[in-house]
Amino acid sequence: MSDQPTNTDVWMLHPDLGAIAHTALPTGYRMRFYAEGDLDTWLRIQAHDPFFVPTAETFATSMPGDTPLLAARVMFLADPAGAAVGTVTAWPNDSLTGRKIGQIHWVALVPAAQGRGLAKPLVGAACVLLHQWGYDEACLETNTRRVPALNLYLALGFVPFVRSEAERRAWRAVAPQLRLPVHISD
């Protein structure tokens, strides 16, 4: 088996959203919610993904709803000049585990904002929102080739939610590249 991460979509769970420590944004940065016309903002931020560039159709399919619904779920990180440099979505999910849990969805930062300690408070803000809505747990879907994202989610307390032998193999393959250990049972 190769030590290189595979291209495998995987799920992670956070068992206790109340335990996520608040991580403050750097001075001048702030979170804001989706507003009319922000589809273009979301597409601009997501356009830098090296593995998949979503479209307006992707947005409409994965986040159906009108502006008021999106304004409660889609968040943007604004830099000190007011430009949106990151996005994350808090969404309900009642199909992954059979329980009603929150879902972190579509996390992205523009390249100039990466490596500045912004991802942790960005994802943390969505987790806090989900907890305020009454969710104790959250899930997210990512890919094993997204090692920095896996490291972020592990640091926030998310753990692998293995659903198949292929996912188990993928987690074991990527484990040596992760900063925190992952425990994958047989």
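Structure's up top.
Residues numbered from 1 in each chain as written. Predicted model: local features only at pLDDT ≥ 70, side-chain atom pairs only at ≥ 80, totals over all residues. Heavy atoms only, no water.

Trainee: What exactly am I supposed to notice about the layout of surface pockets here?
Mentor: Over the atoms rolls a probe the size of a water molecule, and its path tells where empty space is left. Volume-wise, the largest pocket comes out at about 1100 Å³. Asp49, Val107, Arg146, Ala149 and Tyr153 are, among the 36 residues lining the largest pocket, the residues nearest its centre. Mapped onto the lining of the largest pocket, the elements with two or more residues apiece are α1 (39-46), β5 (101-109), α4 (119-132), β6 (138-143) and α5 (147-155). Per-element accounting of the lining of the largest pocket gives the leading share, 7 residues, to β5. In terms of residue class, the lining of the largest pocket is built from 17 nonpolar, 11 polar and 8 charged. Computed from the structure, the second largest pocket encloses a volume of approximately 160 Å³. Lining the second largest pocket are 14 residues, and of these His22, Pro121, Gly124, Ala125 and Val128 sit closest to its centre. (1 Å grid on protein atoms, 1.4 Å probe; cavity = no way out; pocket = protein on both sides within 12 Å on 5 of 7 lines; lining within 4 Å. Points joined across faces, edges and corners; volume = space filled by probe spheres on them. Helix = DSSP H or I, 4+ residues; strand = E, 2+ residues; numbered from the N terminus. Nonpolar A, V, L, I, M, F, W, Y, C, P; charged D, E, K, R; others polar.)

Trainee: Would you mind showing me how to read the side chain of threonine 8 here?
Mentor: Mapped onto the secondary structure, threonine 8 falls in the segment before β1 (9-14). For threonine 8, the residues in contact, after removing those within four places along its chain, are Thr142, Asn143, Thr144, Ala166, Glu167 and Ala170. (Contact = heavy atoms within 4.5 Å.)

Trainee: Which parts of the structure should I look at to understand unusual backbone geometry?
Mentor: The phi torsion of most residues other than glycine is negative, and most of the peptide bonds are trans. Non-glycine residue tryptophan 106 carries a positive phi angle of around 55°. Looking at the element boundaries, tryptophan 106 is found in strand β5.

Trainee: Hey, could you run me through the sheet that holds strand β2 (residues 30-33) in this one?
Mentor: Strands pair in a sheet through their backbones, by hydrogen bonds, and they do so in one of two ways: parallel or antiparallel. Pairing within the open sheet is mixed, and its 7 strands lie in the order β2-β3-β4-β5-β6-β1-β7. Strands at the two margins of the open sheet, each flanked by one partner only, are β2 and β7 (159-161). Across the sheet, the mean angle separating the axes of adjacent strands is 35° when strand polarity is ignored. As judged from the 3 bridges shared by β5 and β6, these two strands associate in the parallel manner. In the sheet register, isoleucine 104 faces β6, and the bridge partner there is leucine 140. Relative to the sheet, helix α6 (residues 165-174) contacts β1 and β7, its axis offset from that of β1 by approximately 80°. (Pairing = 2+ DSSP bridges. Axes fitted to C-alpha atoms, helices over the stretch in contact; angles between N-to-C directions.)

Trainee: I'm lost on the pattern of salt bridges in this one. Help?
Mentor: Side-chain pairing between opposite charges can occur once the charged atoms of the two side chains come close. One pass over the full model with this rule turns up 5 salt bridges. Note that aspartate 49 is salt-bridged to arginine 146, the shortest N-O span being 2.9 Å. You can see aspartate 49 sitting in the loop between α1 and α2 (56-62) and its partner arginine 146 sitting in the loop between β6 and α5, a full 97 residues away along the chain. Across the pair arginine 168 and glutamate 165 runs a salt bridge whose closest N-O atoms are separated by 3.0 Å. One end of the pair, arginine 168, and the other, glutamate 165, are both in helix α6, 3 residues apart, so they sit about a helical turn from each other. (Salt bridge = Lys/Arg side-chain N within 4 Å of Asp/Glu carboxyl O.)

Trainee: Honestly, the nonpolar core in this entry has me stumped. Any pointers?
Mentor: Side chains of a nonpolar character, in soluble globular proteins, are inclined to be buried together. One finds Ile104, Phe158 and Trp171 to be the most contacted residues of the largest nonpolar core, which totals 51 residues. In terms of residue count, α4 provides more of this core than any other element does, 7 residues in total. Leave out the neighbours within four places in its chain, and tryptophan 171 touches Val10, Trp11, Met12, Leu150, Pro160, Val162, Leu178, Val182 and Ile184. Trp11, Leu13, Leu96 and Cys139 belong to the second-largest nonpolar core, a separate cluster that totals 5 residues. (Core = buried A, V, L, I, M, F, W, Y, C linked by side-chain atoms within 4.5 Å. Buried < 20%, exposed > 50% of the residue type's maximum accessible area, 1.4 Å probe, protein only.)

Trainee: Please clarify how the packing of aromatic side chains should be interpreted in this entry.
Mentor: How two aromatic rings sit relative to each other is set out by the distance from centre to centre and by the angle between their planes. For the structure on display, the rule yields 6 aromatic pairs. Seen in terms of ring centroids, tryptophan 42 and phenylalanine 59 are 4.9 Å apart; in terms of plane orientation they differ by 65°. Their pairing is edge-to-face. Highlighted residues: tryptophan 42 in helix α1 and phenylalanine 59 in helix α2, separated in sequence by 17 residues. Taken as a pair, tryptophan 42 and phenylalanine 59 share a single burial class, namely buried. Ring pairing ties together the aromatic residues Tyr34, Trp42, Phe52, Phe59, Phe76 and Trp106, which thus form one cluster. One residue, arginine 73, lies across the ring of tryptophan 91, its end atom 5.3 Å from the ring centre. (Phe/Tyr/Trp six-rings, centres within 6.5 Å; stacked < 30°, edge-to-face > 60°. Lys NZ or Arg CZ within 6 Å of the ring centre and 35° of its normal.)

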